[in-house]
Amino acid sequence: MPRLLLLILLVLPDSGLQAQESLANPNIILFFADDMGMGDTSVYHDWCGNADEVQLHTPNMQRLANMGVRFTDAHSPHSRCSTSRYALLTGRYCWRTSLKHWVLFGVQCDPLIEKTRPTLASLLRNNGYRTGMVGKWHLGLSYRKTDGTVAKGWDDADLRKPLADGPIDHGFDYFYGISRSHPTSGPHGQRSNTPDQKKGPGWIHNRRIVGATGKGKQLDGSYVLNEIGPKLHQKASDFLVSANTAGEPFFLYFASPSNHTPHTPCDHIAGRKVTGASKFVNGKPTGNQRLDFVYENDVQIGLLLDYLMKKNDPRRPGHKLFDNTLFIFASDNGSENRSKTYTGPLRSNKGSTYEGGHRTPFFACWPAGGLGDGRPKTKGRTSNRLLSLNDLFATFAEILGKPLPDLAKGEMGAEDSFSQLAAMRGKKVGPRPPVFPNDHNEASKKNSEERAVVAVRSNATPLEGQWKLFLDHRFATKGELHPIELYNLATDQREQRNLLNDPKAKAALDFLLSEARKAKGDQGHTR
């Protein structure tokens, strides 16, 4: 008996260390949809209050949320493509950059992320992860000329040469995707596909322009809008198989073009029907091309979940990959469509600093990490804690047990990021500091062409409620505080009653102005 006990004691510590090491490095999949509002998924059916005959049924999104947690007060830091993707990857508000609002326009855009700035991908790669991205980049590219030097722009670029700056330069080992929104990333098939086309490079694999022909900017015709879904599934699968075979923890950033306009759903993905397959919660077909395109995201998620649940985890014998994978779903901004079915009980939509522009779906699971129970047929947890997508940097860092960059020492990175790991696990935590969403719809051209409205949103002011203060363009451009609107979302979710001049709201106003004063500036931060 003593000998047996000794053997047990010798084995247990090592096994425990192996388990802890494995759990400290979960696989991570971040599925980032385009232009999906709260009402675009049945995960928020109850929260939006949509009738069964108008609510799109998204069974795989529901499966993911049931196995984990959904947030009802989650926000994209911005309500447009480029700005939200910048904040997601860097943990920093984009209004601190030269892009104070809107998106990167044009066939060639200078890269928005400096090569020295840490990203989610570089954080994970530096800690032993194989990092991959498929889909929409929209953060700028840099090309090369025929002689190999860096091109000034699109006109002097030689598409046969490798990119000078792209996703591979910002932490990703692997990239297969498109430069920006899918209709503007390249000529659709043969349409407008001429040697002097100015749409874009089409498909990009790592640094290579896949369709380059050497005939000016003419491509090979392989970039077809309604074939994007199957291609992204194939490339995501290739990456997962390769990483799993190598036995490395992986990070997959799946930046889906769905459902940005134009709505171009594919016919099938891996044998699963998409076009014509979307249904309402009551079981009736939607007959709607937009909803088919939203549903394409649901099919992609289902395929990823099935893969994780079938494949063995090489780092944890006896377990499937799914068990130790953190799977997150989010959207870059609210719905592009003004329909209340898609935006839920919120004011406005994409491009707006009102809630409908930046409050988005966000749900996640990670069974081995205590984030949900992994059971698809039981209802998952709901959290009403304030969350912003720029929080993922700090959340991932906490999972890895790594400190954030020391801003006091001049280090760069995650300036506006706060870990949400405890909240995801259902633990009681204090309120998050304010978030600062922004865009331009509420700004007037009469006042300035700089239409960069920034809001200060907090659930922890001295006055009970969920308070939100709007500041005009001078906060983003000059660091000046000029309040224009104030709302208490706890009693006015649709932001209808401006309380800026209400003496009873002064304590909340003063608090939000104080927080904005601390956060201002291109070199500022909120942590």
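Here is a short report on the structure shown in this document. (Residues numbered from 1 in each chain as written. Predicted model: local features only at pLDDT ≥ 70, side-chain atom pairs only at ≥ 80, totals over all residues. Heavy atoms only, no water.)

1. Here's the deal with the environment of H138
Here H138 is to be found in the loop between strand 4 (130–136) and strand 5 (174–178). With 14 residues separating them in the primary sequence, H138 and L124 have C-alpha atoms 21 Å apart. Residues in contact with H138, not counting those within four places in the same chain, are C81, S82, R85, V103, L104, S179, R180 and S181. (Helix = DSSP H or I, 4+ residues; strand = E, 2+ residues; numbered from the N terminus. Contact = heavy atoms within 4.5 Å.)

2. Brief notes about the sheet that holds strand 7 (residues 208–209)
An order of 7-6-5-4-8-1-11-12-2-13 is seen for the ten strands of this open sheet, with the pairing classed as mixed. Both outer strands of the open sheet, strand 7 and strand 13 (381–383), are each paired with one neighbouring strand and no more. Taken strand by strand, helix 7 (residues 289–310) contacts strand 1 (27–33), strand 8 (250–255) and strand 11 (325–331), and its axis lies near 170° from that of strand 1. Against the sheet, helix 10 (residues 392–400) engages strand 1, strand 8, strand 11 and strand 12 (362–365), with an angle of about 175° to strand 11. (Pairing = 2+ DSSP bridges. Axes fitted to C-alpha atoms, helices over the stretch in contact; angles between N-to-C directions.)

3. Overview of the pairing of strand 17 (residues 467–471)
Strand 17 sits mainly inside the fold: five of its five residues count as buried. Judged by which residues are buried, strand 17 turns out to be covered on both faces: W467, L469 and L471 on one side and K468 and F470 on the other are all buried. In terms of strand pairing, strand 16 (residues 453–458) meets strand 17 through five bridges, oriented antiparallel. Along strand 17, the bridge assignment pairs R457 with K468. (Buried < 20%, exposed > 50% of the residue type's maximum accessible area, 1.4 Å probe, protein only.)

4. Details of the pairing of strand 8
Walk down a regular strand and you will see the side chains alternate between the two sheet faces. The buried count for strand 8 comes to six of six residues, which makes it a mostly enclosed element. Of the two faces of strand 8, both are covered, the one formed by F250, L252 and F254 as well as the one formed by F251, Y253 and A255.

5. Thoughts on unusual backbone geometry
In the segment running from S258 into N259, the intervening peptide bond is cis, with an omega of 10°. Among the secondary structure elements, N259 is positioned in the loop between strand 8 and strand 9 (268–269). Of note, the bond from T261 into P262 is cis; its omega dihedral lies within 30 degrees of zero at -5°. Mapped onto the secondary structure, P262 falls in the loop between strand 8 and strand 9. The phi dihedral of H138 falls on the positive side, at around 55°, and the residue is not glycine. Positive phi, normally seen in glycine, also occurs at A414, with a value near 55°. Looking at the element boundaries, A414 is found in the loop between helix 10 and helix 11 (421–424). Residue classification places A414 among the buried positions, given a relative accessible area of 0%.

Any functional reading would require information beyond the geometric quantities listed.
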